[in-house]
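# Fold and geometry: a report
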Amino acid sequence: MATVLRPRDAEELRRTVEWALNDGVPLAIEGRGSKRNYGPPSRSDHVVSLAAIEGVVEYQPEELVIAVKAGTPLREIEALLAQRRQMLAFEPPDLGAILGGAKGEGSLAGALMCNLAGPRRIAAGAARDHFLGFQGVNGRAERFKAGGRMVKNVTGYDLSKLMAGSLGTLAALDEVTVKIVPAPERVHTLLLVGLDDEAAIAALCAAMGSPHEVSGAAHLPATLAGRSGIDLVAQQGGAVTAIRVEGVAPSVEARLKALRAQFAPTAPAMEELHTMRSRQFWEEVRDATLVGDPASLLWRISCPPTEGPAVVAAIRQRRLDTEVQYDWSGGLIWLSLAPGDPATDDAAHVAVRGALMECGGHATLVRAPEAVRARVPVFQPRPPALAALSRRVKESFDPKGIFGTR
Amino acid sequence: MHMPPLDPGILARRAEIVSALRAIVPGEGVIADDVGMKPYECDALSAYRQMPLVVVLPETVEQVSRILRYCQDHGVKVVPRGAGTSLSGGSMPVGDAILLGMSKFNRILEIDLPNRCARVQPGVTNLGISAAVEDDGFYYAPDPSSQIACSIGGNVAENSGGVHCLKYGLTTNNLLGIEMVLMNGEVVRLGGKHLDSEGYDLMGVMTGSEGLLGVVTEVTVRLLRKPATARAVLLGFPTEAGAADCVASVIAAGIIPGGMEMMDRDAVQCAEAYVGAGYPLDAEALLIVELDGPPVEVDHLIERVVAIARDKGASTVRVSTSEQERLLFWAGRKAAFPAVGQISPDYMCLDGSVPRRRLTEVLARMRELSRQHRLRVVNVFHAGDGNLHPLILFDANDADELRRAEEFGADILRLCVEVGGVLTGEHGVGIEKRDLMGVQFTQIDLDQQMRLKCAFDPDHLLNPGKVFPQLRRCAELGRLVVHHGKVPFPDIPRF
Ligand SMILES: Cc1cc2nc3c(=O)[nH]c(=O)nc-3n(C[C@H](O)[C@H](O)[C@H](O)COP(=O)(O)OP(=O)(O)OC[C@H]3O[C@@H](n4cnc5c(N)ncnc54)[C@H](O)[C@@H]3O)c2cc1C
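Cut-offs used in this document
Residues numbered from 1 in each chain as written. Chains lettered and ligands numbered in written order. Predicted model: local features only at pLDDT ≥ 70, side-chain atom pairs only at ≥ 80, totals over all residues. Heavy atoms only, no water. Helix = DSSP H or I, 4+ residues; strand = E, 2+ residues; numbered from the N terminus. Rg over C-alpha atoms; globule rule 2.2 N^0.38 Å. Buried < 20%, exposed > 50% of the residue type's maximum accessible area, 1.4 Å probe, protein only. Contact = heavy atoms within 4.5 Å. Areas by Shrake-Rupley, 256 points an atom, 1.4 Å probe, with all protein chains shown as cover. Lys, Arg positive; Asp, Glu negative; His and termini not counted. Charge placed at Lys NZ, Arg CZ, Asp CG, Glu CD. Buried area = accessible area lost by both parts, 1.4 Å probe. Salt bridge = Lys/Arg side-chain N within 4 Å of Asp/Glu carboxyl O. Polar contact = N/O pair within 3.5 Å; in protein donor to acceptor, adjacent residues only side chain to side chain. Nonpolar A, V, L, I, M, F, W, Y, C, P; charged D, E, K, R; others polar. Pairing = 2+ DSSP bridges. Domains from an automatic or database assignment. Axes fitted to C-alpha atoms, helices over the stretch in contact; angles between N-to-C directions. Parallel < 35°, antiparallel > 145°, perpendicular 65-115°, else oblique. Left-handed = near helix turned anticlockwise from the far one by under 90°. Disulfide = S-S within 2.5 Å.

Attention shifts here to the overall build of chain B. If you tally the helices and strands in chain B, you get 18 helices and 18 strands. Its C-alpha atoms give chain B a radius of gyration of 24 Å, within 12% of the compact-globule value 23 Å for 495 residues. Within chain B, the proportion of its 495 residues that are buried is 61%. For chain B, restricting intrachain contacts to residue pairs at least 6 apart in sequence, the fraction spanning at least 24 positions comes to 71%. On chain B, roughly 17,800 Å² of surface is accessible, and the fraction owed to carbon and sulfur atoms is 51%. The averaged location of the 63 negative side-chain charges in chain B is 3 Å from the averaged location of its 49 positive side-chain charges.

Per the secondary structure count, chain A includes 15 helices and 18 strands. Expected size for 406 residues packed as a compact globule is a radius of gyration near 22 Å; at 21 Å, chain A falls within 12% of this value. C-alpha atoms of chain A, sized along the principal axes, occupy 70 × 55 × 35 Å. Each of the 406 residues in chain A was classed as buried or not, and the buried ones make up 65%. For chain A, contacts bridging at least 24 residues in sequence account for 73% of all contacts bridging at least 6. Element-wise, carbon and sulfur atoms account for 50% of the exposed surface of chain A, whose accessible area totals about 13,800 Å². Where the 46 positive side-chain charges of chain A centre and where its 46 negative ones centre are 3 Å apart.

Here we take up the interface of chain B and chain A. Of the residues lining the interface, 104 residues belong to chain B; the matching set on chain A comes to 87 residues. Between chain B and chain A, roughly 8,000 Å² of surface is buried when both sides are summed, and carbon and sulfur atoms account for 58% of that area. Our enumeration of links across chain B and chain A arrives at nine salt bridges. Ionic pairing is found between Asp445(B) and Lys145(A), a salt bridge with its closest N-O pair at 2.6 Å. Counting across the interface, chain B meets chain A through 31 residue pairs in polar contact (both at pLDDT 80 or more). The dominant element in the side of chain B that touches chain A, judged by the number of residues it contributes, is helix α17 (residues 443-456) of chain B, at nine residues. Taken together, the residues of the side of chain B that touches chain A sort by class into 45 nonpolar, 33 polar and 26 charged.

This brings us to the pattern of salt bridges. Here the structure, examined in full by the defined rule, presents 65 salt bridges over all chains. We note a salt bridge from Arg14(A) to Glu11(A), for which the minimum N-O separation is 3.1 Å. Here Arg14(A) pairs with Glu11(A), and both are found in helix α1 (residues 10-23), just three residues apart, close to one helical turn. Judged by its relative accessible area of 18%, Arg14(A) falls in the buried class. A salt bridge links Glu58(A) to Arg149(A); the shortest N-O distance between them is 2.5 Å. Within this pair, whereas Glu58(A) is found in strand β4 (residues 56-60), its partner Arg149(A) is found in the loop between β8 (143-147) and α6 (159-163), the two being separated by 91 residues in sequence. On the accessibility criterion, Glu58(A) (24% relative accessible area) is partly exposed. Here the salt bridges share partners, and the residues they tie into one network are Glu110(B), Asp112(B), Arg119(B), Glu179(B), Arg189(B), Lys193(B) and Glu218(B).

All names here are of chain A. Covered by surrounding structure in strand β3 (residues 46-49) are His46 and Val48 together with Val47 and Ser49, the residues of both alternating faces. Two strands pair when backbone bridges link them, and strand β1 (residues 3-5) and β3 are joined in this way by three bridges, in the parallel orientation. By the bridge assignment, valine 4 is partnered in β3 with valine 47.

All names here are of chain A. Taken as a whole, chain A is organised into domain 1 (3-182), domain 2 (186-287) and domain 3 (297-375). Each partner contributes to the interface: domain 1 provides 11 residues, whereas domain 2 provides 12 residues. Interface area for domain 1 against domain 2, summed over the two sides, is near 870 Å², with a carbon-plus-sulfur share of 53%. Across the domain 1-domain 2 interface, the total number found is three salt bridges. Among the salt bridges present, the one from glutamate 246 reaches arginine 120, with a minimum N-O distance of 3.0 Å. On inspection of domain 1 and its partner domain 2, the count reaches four residue pairs in polar contact (both at pLDDT 80 or more). Class assignment for the residues of the side of domain 1 that touches domain 2 results in six nonpolar, one polar and four charged.

In this section: the domain arrangement of chain B. Residues and elements named next belong to chain B. By domain assignment, chain B separates into domain 1 (8-101), domain 2 (108-225), domain 3 (229-337) and domain 4 (344-435). Between the C-alpha centres of domain 1 and domain 4 the distance comes to 31 Å. Between domain 1 and domain 4, the residue contacts involve seven residues of the former and eight residues of the latter. When domain 1 packs against domain 4, close to 680 Å² is buried across both sides, 68% of that on carbon and sulfur atoms. Among the residues domain 1 hides against domain 4, the three largest losses belong to Tyr48, Leu87 and Ser88. Together they make up 67% of the total. For the pair domain 1 and domain 4, the number of links is zero salt bridges. Across the domain 1-domain 4 interface, the total number found is four residue pairs in polar contact (both at pLDDT 80 or more). Of the residues in the side of domain 1 that touches domain 4, the class split is four nonpolar, three polar and no charged.

Residues and elements named next belong to chain B. Between helix α2 (residues 14-24) and helix α4 (residues 61-74), whose axes approach to 10 Å, the crossing angle comes to 155 degrees. Between α2 and α4, the angle falls in the class roughly antiparallel. The handedness of the crossing between α2 and α4 comes out as right-handed. Between α2 and α4, the residues in contact are Glu16, Ile17, Ala20, Leu21, Ala23 and Ile24 and Gln63, Arg66, Ile67 and Tyr70, respectively. Residues of the contact of α2 with α4, tallied by class, amount to seven nonpolar, one polar and two charged.

This paragraph deals with the state of the cysteines. Residue and element names in this part refer to chain B. Per the stated rule, a full pass over the model turns up one disulfide over all chains. Across the disulfide, cysteine 454 is cross-linked to cysteine 474 (sulfur-sulfur distance 2.1 Å). Taking the torsion about the S-S bond as the criterion, the cysteine 454 to cysteine 474 disulfide, at about -95 degrees, is left-handed. Here cysteine 474 lies in helix α18 (residues 474-478) and cysteine 454 lies in helix α17, a separation of 20 residues in the sequence. The burial state of cysteine 454 is the same as that of cysteine 474; both residues are buried. Looking at cysteine 165, it has no disulfide partner, and the nearest cysteine sulfur is the one in cysteine 150, 13 Å off. The cysteine cysteine 246 is free of any disulfide, with cysteine 165 supplying the nearest cysteine sulfur at 19 Å.

Structural data, given as structure tokens:
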């Protein structure tokens with residue numbers, strides 16, 4: 001078992017890194033540990049948990065920004081924002097359930113460092129788009145900052161973008177500032193029932209191209225829809241294609257009506273989810289809890305939206321034991337595969353990544369037994385020039401590699 | 001403005017460098033005579049001018065790659081340039097550097113409406129992208145006021161914003177992919193038609209890197225469907241505080257307008273005299289609030305904005321009732337810079353950002369500074385996101401006025417940082433704010449940024465003299481002294 005170090009403030013964090021640097025001890029940085037099973041298994045004997053560096057530093061609702069210590073639980077921040085009718089626009093997924101842990105355990109910094117975003121990604125951007133600034137410790141044990149507390153800021157390189165998705169391999173952050181947005185008054189969802197994958201993605205792309213400001217566009221094939229906790233979805237007995245509109249009441253009603261009219265000729269049947277059930281439905285989509293059983297391998301694939309069904313079809317030519325959920329208008333595929341022997345698991349990564357060769361995109365093996373994650377490249381391999389550049393970027397923050405690689 | 005000393009060795013080898021470039025880019029693509037190079041001697045920060053070593057205008061990615069490779073091998077500096085509209089000196093030439101103009105990369109390569117994106121070359125103008133998809137009801141959202149002229153490659157390098165970025169984001173939030181050439185000639189593609197990056201978000205760090213990390217040779221932008229409708233409200237206030245309060249209250253009410261602009265009394269007077277937009281001349285501050293989206297939503301929100309404005313003491317409230325009237329409201333705002341140009345021989349446009357709640361205080365202190373430096377200042381700004389554009393009026397032919405204008409500008413930017421804001425919201429650091437970087441960042445912060453530059457450009461050949469007050473050598477920056485075993489295991493809670 002790795003030793004977990006839990007510094008209580010920025011200076012303790014800096015001293016921890018200094019010790020590791022001097023003694024040549026590799027560290028694995030984590031927020032609150034909710035995604036410890038995300039990515040390849042860590043080879044480090046020392047974990048630095050940021051859980052004790054927590055608390056809100058500054059929250060001014062009318063400035064639309066919040067600054068918090070890195071380990072602050074996401075759940076607490078979301079509750080605080082909700083009190084002022086605000087939210088994080090990128091809808092950070094809670095992978096607790098699918099990674100075999102509890103729900104609601106993550107930190108904000110952890111969500112940022114994985115750059116994960118939920119269904120609203122297509123309308124409002126990813127975690128990286130809302131990450132305005134930070135303070136942290138680099139691999140030279142120096143505390144530094146970048147960005148700021150302003151939404152508009154181009155002073156110096158945008159290192160927040162680089163931190164988002166870096167999985168703690170460049171620096172250990174102790175404070176982060178993110179942009180927030182007003183929460184919508186109403187959240188309604190139009191359900192198109194009974195479309196096959198291709199028709200569904202075509203409908204979603206048409207909805208995204210409409211002037212109706214759609215903020216969620218997902219497709220659940222029949223098996224997944226049947227597992228939904230929302231009766232109206234589960235009882236349709238067929239595939240469900242969902243289109244979300246949010247905003248002030250009169251606008252939401254008008255846009256929903258227009259979308260209904262747009263799809264009346266093609267959809268076999270239509271239903272609506274209103275605010276409460278709508279929120280619950282998009283949480284299911286966001287956290288990918290309906291895809292596959294807990295023992296299955298789970299891939300998360302990003303591709304051009306219109307290519308979604310073709311990517312899935314290409315994978316199915318090699319593997320039939322798959323279940324899929326489409327989000328982001330077809331551009332985000334959650335795909336499960338039944339676990340097999342090592343040879344089958346290795347072949348799966350070739351099948352999944354091979355399907356992206358032509359259209360472009362990337363695939364992450366989100367859930368798999370540790371042994372599989374140790375063997376199969378969990379993250380998309382990069383072409384040589386890009387890999388070399390990434391290595392140099394890593395070294396510019398962490399010359400001795402104490403924060404590990406992913 | 002102090003620039004690094006010219007390298008006599010490079011100047012002496014000019015003829016050789018020119019002929020090497022001619023071997024890569026044939027014909028008129030290499031410009032080496034003074035008359036031909038003259039149009040490139042400055043960008044839109046025109047108080048500073050400098051002739052480049054030579055101008056080269058490549059047409060293919062392969063040529064860009066060979067040029068950079070040659071420059072890397074021979075230690076020649078390179079200044080990338082788009083349309084030359086930078087307001088911070090970002091594309092101002094350097095005397096011992098070649099100027100790499102991207103104007104011939106002017107083709108739209110692909111428009112893919114089902115995937116809502118367009119793949120374009122970096123020399124295409126910002127407005128050119130929107131124009132190409134307009135008939136299909138789409139547009140590219142970031143809209144710098146220079147959009148007729150500025151290039152998308154320049155927008156990426158500066159992470160440009162515009163009036164509508166409060167709701168739709170800056171360049172960085174509207175990109176899907178780029179192709180770029182590194183100083184060693186390697187071509188790297190980042191992103192594509194899919195969302196988010198695999199590995200480090202290098203596209204994110206390239207955006208706003210001011211031409212210091214690589215040369216962008218292709219851009220994939222996100223397209224949006226045009227909003228069904230847009231309407232604007234013109235609001236006059238008897239005090240600046242009232243206007244600033246109105247801005248904060250609109251946002252606190254959960255409304256994010258498409259644009260929310262503020263002009264101070266002097267800006268209103270100038271603009272009105274220049275275009276006659278019907279602005280209230282008795283107002284101390286003017287707000288233009290634009291709502292866009294479905295018609296019912298726009299009508300609903302306009303009512304709410306008007307109610308807030310009245311509550312905050314607005315003395316003028318006018319809602320546009322036609323597209324013509326909406327454009328008229330904007331005409332004064334859009335012409336504010338040239339209007340100011342009518343009343344002063346020169347003006348310097350600044351670009352700090354401040355927290356919205358400090359707006360009134362910042363404006364008052366700016367007036368105080370104006371008295372101290374004996375120069376007038378006029379304020380036009382993106383109030384919604386606290387991005388100020390103070391215009392300092394001066395006469396560049398008067399050396400003392402130029403010096404005072406520079407000092408006044410620096411004081412305003414220091415003030416922005418002091419109240420929790422930043423040196424630049426959208427125009428970039430360039431040479432203009434270079435020497436103020438230390439006001440916002442510590443040496444450790446700056447060293448980390450320079451180390452990142454080393455990962456892309458180890459010899460500091462790309463756009464030298466910009467952004468960093470003092471570029472330290474990569475070998476020196478990379479040095480690390482490790483005290484093996486000297487620091488005891490820290491007293492940190494363990495589990
Ligand atoms: C009247 C006026 C109004 C303006 N309004 C706004 C505004 O509202 N919002 C705003 O944000 N800005 C505004 N600007 C500033 C300016 O237009 C933007 O910064 C614009 O993005 C610059 O684009 P450009 O093509 O002219 O770039 P240039 O001026 O040619 O270059 C700018 C920087 O980009 C680099 N660069 C250019 N092309 C490339 C490339 N292909 N690869 C790598 N680096 C490159 C250059 O080295 C330089 O550092 C305004 C300017 C003017 C003159």
